[in-house]
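Report on the structure
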Amino acid sequence: MPRDNKTPLIQRIATQAHRTFSGSDPAACGGEEEDFSQKHCELEALMTALRAADLKLAPRSGAAGSNPDAANPPVTYMHICETDAFSMGVFTLSSGASIPLHDHPSMHGMLKVLYGKVSIRCFDKLDQGASATEPPVFAPPLASRQRGSLRRARLRSVGEYSEGSGPCLLTPLRDNLHQIDALDGPAAFLDILAPPYDSDDGRDCHYYRVLSRHGAEQQDGPEEKEQDKNQEQDQNQNQEQDQEKETETWLLEIPQPEDFWCGGESYPGPTVSVQKRNIK
């Protein structure tokens, strides 16, 4: 439409994000409601078209300093807008910088790279119920006080994203934990989270470390041998089970890593406004 040709793309994205996430609980939607799914797809299409020039961002050059300090944080955030339904802003990562593994409780998210290249590892949290697998022995061993911070998880995906890639998506149940690493130089991405982090509403950000099992490289134990036997009986079914087991892992909830912090930076792009009422 003619109006869309004049409206900055980032404003259209904010408007569509408001349409998508306002007036319903994103955690309850989970992409199952037809209306939500359609709006979510429209938002994803707009995000795919976004480039750094649309936000008046110029790709940065140069390697990261060996000793980042308060004046040169490894990661910065440019706030664009925030409502009760969603937040939107730009993260910039210096060369070699990382946003550690963290979660997004009961939140949806979209991440679109604007320049540079990032690697993203995504995990799903698994059921912590009584029937859950007993934790293995880790290397190095955990202190007894750390056992309560253990979380079962599954490595869902590992991918590289650049300017030409579509958005990386997360939902309350799928790909909800991720780690983001800048590759081959600085990088920047637009980030939408719905609803925003809010510790008063149970949506605080938690950090995690992937644990290594003791003897993981050693000979398979009885469980693995039994699985090999079952595979002979029903190869296709057990291939799926083995694939899931290979990606299943354990995480330890940790404080924010000392070598990670995020500074603030001014957003240089077009002004964005979002109506407080639901947009139909």
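Above this text sits the structure in question.
Note that the structure is a prediction, hence the values are computed from the model and not measured.

Definitions and cut-offs
- Residues numbered from 1 in each chain as written.
- Predicted model: local features only at pLDDT ≥ 70, side-chain atom pairs only at ≥ 80, totals over all residues.
- Heavy atoms only, no water.
- Helix = DSSP H or I, 4+ residues; strand = E, 2+ residues; numbered from the N terminus.
- Buried < 20%, exposed > 50% of the residue type's maximum accessible area, 1.4 Å probe, protein only.
- Contact = heavy atoms within 4.5 Å.
- Axes fitted to C-alpha atoms, helices over the stretch in contact; angles between N-to-C directions.
- Parallel < 35°, antiparallel > 145°, perpendicular 65-115°, else oblique.
- Left-handed = near helix turned anticlockwise from the far one by under 90°.
- Phe/Tyr/Trp six-rings, centres within 6.5 Å; stacked < 30°, edge-to-face > 60°.
- Expected span 1.5 Å × (residues − 1).
- Core = buried A, V, L, I, M, F, W, Y, C linked by side-chain atoms within 4.5 Å.
- Salt bridge = Lys/Arg side-chain N within 4 Å of Asp/Glu carboxyl O.
- Arc of directions from axis to C-beta.
- Polar contact = N/O pair within 3.5 Å; in protein donor to acceptor, adjacent residues only side chain to side chain.
- Disulfide = S-S within 2.5 Å.
- Pairing = 2+ DSSP bridges.

Further remarks concern the overall build of the protein chain. For the protein chain, the count of helices and strands is six helices and 10 strands. Here the protein chain holds 280 residues, and 42% of them are scored as buried. For the protein chain, the share of sequence-separated contacts (at least 6 apart) that also reach a separation of at least 24 residues comes to 84%.

Another aspect to go through is the packing of helix α2 (residues 9–21) against helix α4 (residues 34–49). Two quantities define a packed helix pair, namely the angle between the axes and the distance from one axis to the other. The N-to-C vectors of α2 and α4 enclose an angle of 160°; their axes lie 9 Å apart at closest approach. What the angle tells us is that α2 and α4 run roughly antiparallel. For the crossing formed where α2 meets α4, the hand is left-handed. Contact with α2, carried on its side by L9, R12, I13, Q16, A17, R19, T20 and F21, involves F36, K39, H40, E42, L43, L46, M47 and A49 of α4 and no other residues of that element.

The tally for this structure, following the rule as stated, stands at five aromatic pairs. Members of the aromatic cluster, each reached through a chain of ring pairs, are Y77, F91 and F189.

For the rest of this paragraph, the subject is α2. For α2, built from 13 residues, the straight-helix expectation of 18 Å at 1.5 Å per residue is met to within 8% by its first-to-last C-alpha distance of 18 Å. Taking burial as the measure, the 13 residues of α2 include 11 buried ones, the bulk of the element. G23 sits one or two residues past α2 and shows a positive phi near 80°.

Our focus in this paragraph is the nonpolar core. If you look at the biggest cluster of nonpolar residues, it comprises 31 residues, and the most contacted ones within it are F86, M88, L190 and I192. Looking at this core, the elements that each hand over two or more residues are α2, α4, β1 (75–82), β2 (87–93), β4 (108–125) and β7 (177–194). At six residues, α2 tops the list of elements feeding residues into this core. Setting aside residues up to four positions removed in sequence, M88 forms contacts with I10, I13, A14, Y77, H79, I80, C81, L190, D191, I192 and V272. In terms of nonpolar packing, the next biggest core, distinct from the first, is built from 18 residues, F91, A97, Y161 and I180 among them.

Summed over all chains, the structure comprises 11 salt bridges. Residue E248 pairs with R154 through a salt bridge whose shortest N-O separation is 3.8 Å. Taken as a pair, E248 in strand β9 (residues 248–254) and R154 in strand β5 (residues 150–162) lie far apart in primary sequence, 94 residues in all. Residue E248 is classed as partly exposed on the basis of its relative accessible area, which comes to 28%. Residue R154 is classed as buried on the basis of its relative accessible area, which comes to 16%. For R203, the salt bridge identified is with D201, shortest N-O distance 2.8 Å. Residues participating in the shared-partner salt-bridge network are K117, E160 and D184.

Another aspect to go through is α4. Between its first and last C-alpha, α4 extends 23 Å over 16 residues, near the 22 Å set by a 1.5 Å rise per residue. Listing the buried residues of α4 in full gives F36, H40, L43, L46 and M47. The arc that holds every buried residue of α4, seen down its axis, measures 120°, which confines them to one face.

Another aspect to go through is the environment of T249. By secondary structure assignment, the location of T249 is in strand β9. Setting aside residues up to four positions removed in sequence, T249 forms contacts with F123, R151, R152, A153, V210 and L211.

Moving on, we get to the environment of Q256. Within the element layout of this structure, Q256 appears in the loop between β9 and β10 (262–264). Taking the relative accessible area as the measure of exposure, Q256 reaches 43% and is therefore partly exposed. Ignoring anything within four residues of it in the chain, the contact list for Q256 reads Y207 and W261. Engagement of the side chain of Q256 in a polar contact is seen with the backbone oxygen of F260, the distance being 3.0 Å.

What follows covers the state of the cysteines. Inspection of the entire model under this criterion finds zero disulfides. With no disulfide of its own, C168 has C122 as its nearest cysteine by sulfur position, at a separation of 4.2 Å. Assessed through its relative accessible area of 5%, C168 is described here as buried.

With that out of the way, let us pick up the pairing of β2. Taken across its seven residues, β2 has seven buried, putting it largely inside the fold. Of the two faces of β2, the one lined by S87, G89, F91 and L93 and the one lined by M88, V90 and T92 are each fully buried. Taken together, the seven bridges between β1 and β2 define a ladder with antiparallel strand orientation. The residue bridging T76 from the neighbouring strand is T92, located in β2. Here β1 folds back onto β2, and the loop between the two strands holds four residues.

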